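Structural overview for review
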Amino acid sequence: MKTFFPSDSCKEPLLNSINPQSWLQVERGKLTKLPPESPSSIESLIKVPDPPILPFYKPVDYVQVLAEIHEELESCPQTEWSNLYLLQYQVFKGLGEAKLMRRSLRSAWLKASTVYEKLVFGAWLKYEKQGEEIISDLLLSCGKCTKDFGYIDIASEFPVHETPSFVTNDTFFLRSNVSFRIGDEKITCDRRKIAGLSAPFHAMLNGCFTESSSDDVNLSGNNISPLGMRAISEFSKTGRLGELPSSLLLEILVFANIFCCGTLKDACDKKLASLVSSRQDAVELTEFALEQNSPVLAASCLKVFLYELPDSLNDEQVVELLTSLDAQQRSTMVGPASFSLYSLLAEVSMNSDPTSEKSVLFSKQLIDCAVTARQKMVSLHQLGCIRLFRKEYDEAEKLFEAALSEGHVYSVVGLARLSQINGNNKDSSYEKITSIISSHTTPLGWMFQERSLYCDGDQKWGELERATELDPTLTYPYMYRAASLMRKRDFESALLEINRVLGFKLALECLELRFCFYLAIEDYQSAICDVQAILTLSPDYRIFDGRVAASQLRVLVREHVENWTTADCWLQLYDRWSLVDDIGSLSVIYQMLESDAAKGVLYFRQSLLLLRLNCPEAAMKSLQLARQHASSEPERLVYEGWILYDTGHCEEGLRKAEESINLQRSFEAFFLKAYALADSSQDPSCSSTVVSLLEEALKCPSDRLRKGQALNNLGSVYVDCGNLDAAADCYINALKIRHTRAHQGLARVHFLRHDKSAAHAEMTKLIEKARNNASAYEKRSEYGDRELTKTDLEMVTRLDPLRVYPYRYRAAVLMDNHKEKEAVEELSKAIAFKADLHLLHLRAAFHEHIGDVIGALRDCRAALSVDPNHQEMLELHSRVNSQEP
């Protein structure tokens, strides 16, 4: 889910210095050409805002924190597990690791020790899985049920209140009945049964009170009606409450509290809880539940609010209830899970609007619930960011200082920004960050990025170069350098710089900046490409600091480009797909979706591209749209099969493919079945089945883009079977229809034929053709000598610093050359910005090799936080753990 966190420089929008007349013309639906020699026109389009301050937990050494969490999980009582998994979630959130975040939430839910934790984390997982309801429906259509995270039978999770036992004086029970007078009515009850309800009743009817020797007891004035007393009498005999209206149950519950009737109160509590069926019911009953200290009813009301997230937070009554609880009321409603609850509510609110009043109120509650130092850091920093976004600077400063004093170093960023906002010169902010850098032996990229904001010229450039060196995933340094080059009218270098980051990270803000570059140099064809890619990823995206809808600008830019026919679009798609130009292909598909072309097929192609661009959530949305727009039942079944396969339900995906084939033989159905079977079966004999399925697919009608992929896959199966001649034929045929990636398969064939030179040459052809070629350089590195390999892998790291193999290879070479320190440093460079299991595993092994048991154990524990079931990691951890002094 994309959340907008405004930066301090929002007060200087991207378009704020544009020529007023030009701006008015844009507003009126016209796009004026920018004078090519007008620096002010270029300046108006390329203002880069300061990087936002993220309201997340960002420890300086996340590896150490993950290791400590894992160590605590090994030794602490189960009651602490969910809180530790929540902290793990917050670490991964600060790292931007979405998959690991969800896995930590799932662990918190699975390991929950109380009904409250099950409720909160179940609701959180349900919230995270919004839009994925279709998967449950599809699994149900395959006869497989999925567990609903949101469902929990709260009443059954609470212990049954035991009936109290008392020492009785039988002389008082010679008279078996007692009448309770309420107003003008008398309700006759079983004396012994009523006395058994509670200690007060027992004392009244079996003690030294006047009532003990009386057959007529006046209960008027105790807020119980005759009808209510009859229900209590019946309960005293049967232990059950009948079908009573909620108003009467509320009356009985109050009475049970007054007379300390535990079993009666418990029964009322659970009966009322069963009647909560709507948000309005929950709103009306919550206050009563809290007043009467009724945990089952309170938790049941909370369940409704959480089950309806995020919509329930648009209800002012719900927000008022949840933000006004004191410690005792929180304990009644959510037991020991208060911090977890307000972590969820604050996150949902901030995802909607981080500057809203409810974001403030939920975060204040979060601070009140914080117990440990880490919880305090998270909550204080978060509210500090919200206050800063709202321009409440004095409050923000206090919160950032408090977070920093608790140990959250990243909060210094907020203090530095505030120092400048409050009118101090840049030196004060610069010194704050310098102090942090000098106090850490391994500074991080964000520290230099932040310090760059408080210097100019070559010094600023140097700081940003250092930031990129330490953390190449930070987008601001690329954007600033590209914008600076653009201002100097070095258009080529500016585009090369912004393309560096877009080559491995499809960041919308970077696409927007490149779009502005293309507008400035009047390359409208490239501009339309980028704005259409932006709209594919975020249909409601707004450009120029939110002033103009991207869709509106697209309409204006289209006036300056040639209109393509459907045939033109297919040719363009074919060309760009062949060039491995994924962003360009996305743009063409976006344009084609406006035509009368079959939309199901186009959305499916869109999903394939988005997966290649590492946008899994967007890819799943496109796949769901493909299903929605399928032109036939067999086509719909194929898309359903891919939805199931992509979410880990391979067997059900295969079943959908078979259903589609039974209705109509098609390329996509055979391809899906072959793909899923090849990926899921461990039986080597299934290769022949996969071959026959792909051959059947190739006999069916399809376009060359998909047939090229099928030939490529068929070649891979032949290689695995050792049939190199057949594999080579497949790859060559794929290349004839411009399936460029087949060069990689053909290179593998050459290598297996012991011709490394031909393999290297084949990969060179792919590098020359492909727009995105980091993976091609990485593959070519396998076919060269050591120096060529080193050169190729250095290029891979420049093109895509998130690919981990080059770091591992270089570290292994250094280790072989007995340069242990340098080997560890090589891995540490990547680990600093990427929580990768393989990097941590190798560094742990290096630490073990050089006798650094503490370092090895730390990396083992952090790696097991990333993947707790990795067998080799578990074995290494066990071995190292036995060596710990």
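Report follows, based on the coordinates. No experiment lies behind these values; they were computed from the predicted model shown.

1. Some details on the packing of helix H15 (residues 295-307) against helix H17 (residues 327-334)
- Viewed as axis vectors pointing N to C, H15 and H17 meet at an angle of 80 degrees, and their least axial separation amounts to 7 Å. With respect to H17, the element H15 is oriented roughly perpendicular. Contacts between H15 and H17 pair Pro295, Ala298, Ala299 and Leu302 from the former with Thr332, Met333 and Val334 from the latter.
- Residues of the contact of H15 with H17, tallied by class, amount to six nonpolar, one polar and no charged.

2. Here's the deal with empty space enclosed by the protein
- With the rule as written, the count across this model stands at five cavities of 30 Å³ or more.
- Lining of the second largest cavity is provided by Tyr574, Trp577, Ser578, Val580, Arg612, Arg704, Leu705, Ile737, Arg738, His739, Thr740 and Arg741.
- At the level of secondary structure, the elements contributing two or more residues to the lining of the second largest cavity comprise helix H31 (566-578) and helix H39 (704-721).
- If one sorts the elements of the lining of the second largest cavity by residue count, H31 sits on top with three residues.
- Among the residues forming the lining of the second largest cavity, the class breakdown is five nonpolar, three polar and four charged.

3. Some details on the side chain of glutamate 117
- Within the secondary structure layout, glutamate 117 lies in helix H6 (residues 115-128).
- Among buried charged residues, glutamate 117 stands out as having no salt bridge; its nearest opposite-charge side chain is lysine 118, 8.5 Å away.

4. Describing the sheet that holds strand E1 (residues 177-182)
- The sheet built from three strands is open, its strands ordered E2-E1-E3 with mixed pairing. Only two strands of the sheet have a single partner each, and these edge strands are strand E2 (185-190) and strand E3 (216-218). This sheet shows a mean twist of 30 degrees between the axes of neighbouring strands, independent of strand direction.
- One ladder, built from six bridges, connects E1 with E2; its direction is antiparallel. Along E2, the bridge assignment pairs valine 178 with cysteine 189.
- Strands E1 and E2 of the sheet are contacted by helix H11 (residues 226-238), whose axis makes an angle of about 10 degrees with E2.

5. Regarding the layout of surface pockets
- If you add up the space inside the second largest pocket, you get close to 660 Å³.
- Taken together, the elements giving at least two residues each to the lining of the second largest pocket come down to helix H3 (62-75), helix H25 (457-470), helix H46 (820-831) and helix H47 (837-849).
- It is H46 that provides the largest number of residues to the lining of the second largest pocket, a total of five residues.
- Its residues assigned to classes, the lining of the second largest pocket shows nine nonpolar, six polar and eight charged.

6. Some words on unusual backbone geometry
- For the bond running from leucine 309 to proline 310, omega is 5 degrees, close enough to zero to count as cis.
- With respect to the element layout, proline 310 can be found in the loop between H15 and helix H16 (316-323).
- Positive phi values are uncommon outside glycine, yet lysine 391 reaches one of about 65 degrees.
- By the element assignment, lysine 391 lies in the loop between helix H20 (373-389) and helix H21 (393-405).
- By relative accessible area, lysine 391 is classed as exposed at 55%.
- Unlike most non-glycine residues, phenylalanine 544 shows phi in positive territory, near 60 degrees.
- Residue classification places phenylalanine 544 among the buried residues on the basis of a relative accessible area of 3%.

7. Considering the pattern of salt bridges
- Per the counting criterion, the structure on display carries 51 salt bridges.
- Between aspartate 215 and arginine 191 there is a salt bridge, with the nearest N and O atoms lying 3.5 Å from each other. With aspartate 215 in the loop between helix H10 (199-205) and E3 and arginine 191 in helix H9 (residues 191-195), this pair connects stretches of sequence that are 24 residues apart.
- Judged by its relative accessible area of 37%, aspartate 215 is partly exposed.
- With its nearest N and O atoms 2.9 Å apart, the salt bridge here joins glutamate 392 to arginine 390.
- Within the structure, one salt-bridge network assembled from shared partners comprises Arg627, Glu633, Arg636, Glu640 and Lys656.

8. Considering the nonpolar core
- Core analysis: the biggest nonpolar cluster contains 147 residues, and Trp446, Ile498, Phe515, Phe517, Ile543 and Trp642 have the highest contact counts within it.
- The element that contributes the greatest number of residues to this core is helix H28 (residues 508-520), accounting for 10 residues.
- One finds Leu197, Phe255, Leu309 and Val378 within the second-largest nonpolar core, a separate group that totals 131 residues.

The rules we used
- By convention here, each chain's residues receive numbers from 1 onward along its written sequence.
- Totals for whole chains, interfaces and linings use all residues, but because this is a predicted model, local features are given only for residues with pLDDT of at least 70 and pairs of side-chain atoms are given and counted only at 80 or more.
- Note: side-chain values were computed over all heavy atoms of the structure, leaving out hydrogens and water.
- Throughout, an axis means a line fitted to C-alpha atoms (over the contacting stretch in the case of helices), and angles, computed between N-to-C directions, take values from 0 to 180 degrees.
- Under the DSSP-based scheme used, a helix requires at least four consecutive residues in state H or I and a strand at least two consecutive residues in state E, with every element numbered from the N terminus.
- By the definition adopted for this analysis, an angle is roughly parallel if under 35 degrees, roughly antiparallel if over 145, roughly perpendicular if from 65 to 115, and oblique otherwise.
- Residue contacts are defined here by distance: any two heavy atoms, one from each residue, within 4.5 Å place the two residues in contact.
- Gly is placed with the polar residues, together with every amino acid not listed as nonpolar (Ala, Val, Leu, Ile, Met, Phe, Trp, Tyr, Cys and Pro) or charged (Asp, Glu, Lys and Arg).
- Two kinds of site are reported from a 1 Å grid over the protein atoms alone, namely cavities, where a 1.4 Å probe fits but cannot get out, and pockets, open sets with protein on both sides within 12 Å along at least five of seven lines, and residues are called lining when an atom falls within 4 Å of a point.
- Grid points are joined across faces, edges and corners, and a volume is the space filled by probe spheres set on the points.
- Remark: exposure states derive from per-residue accessible area (1.4 Å probe, protein chains only) relative to the maximum for the residue type, with buried under 20%, exposed over 50%, and partly exposed in between.
- Asp and Glu are treated as the negative residues and Lys and Arg as the positive ones, with His and the ends of the chain left uncounted.
- For this analysis, a salt bridge means a side-chain nitrogen from Lys or Arg found within 4 Å of a carboxyl oxygen belonging to Asp or Glu.
- The pairing criterion for strands is at least two bridges between them, as found by DSSP.
- Nonpolar cores are built from buried Ala, Val, Leu, Ile, Met, Phe, Trp, Tyr and Cys residues. Side-chain atoms within 4.5 Å join them into one set.

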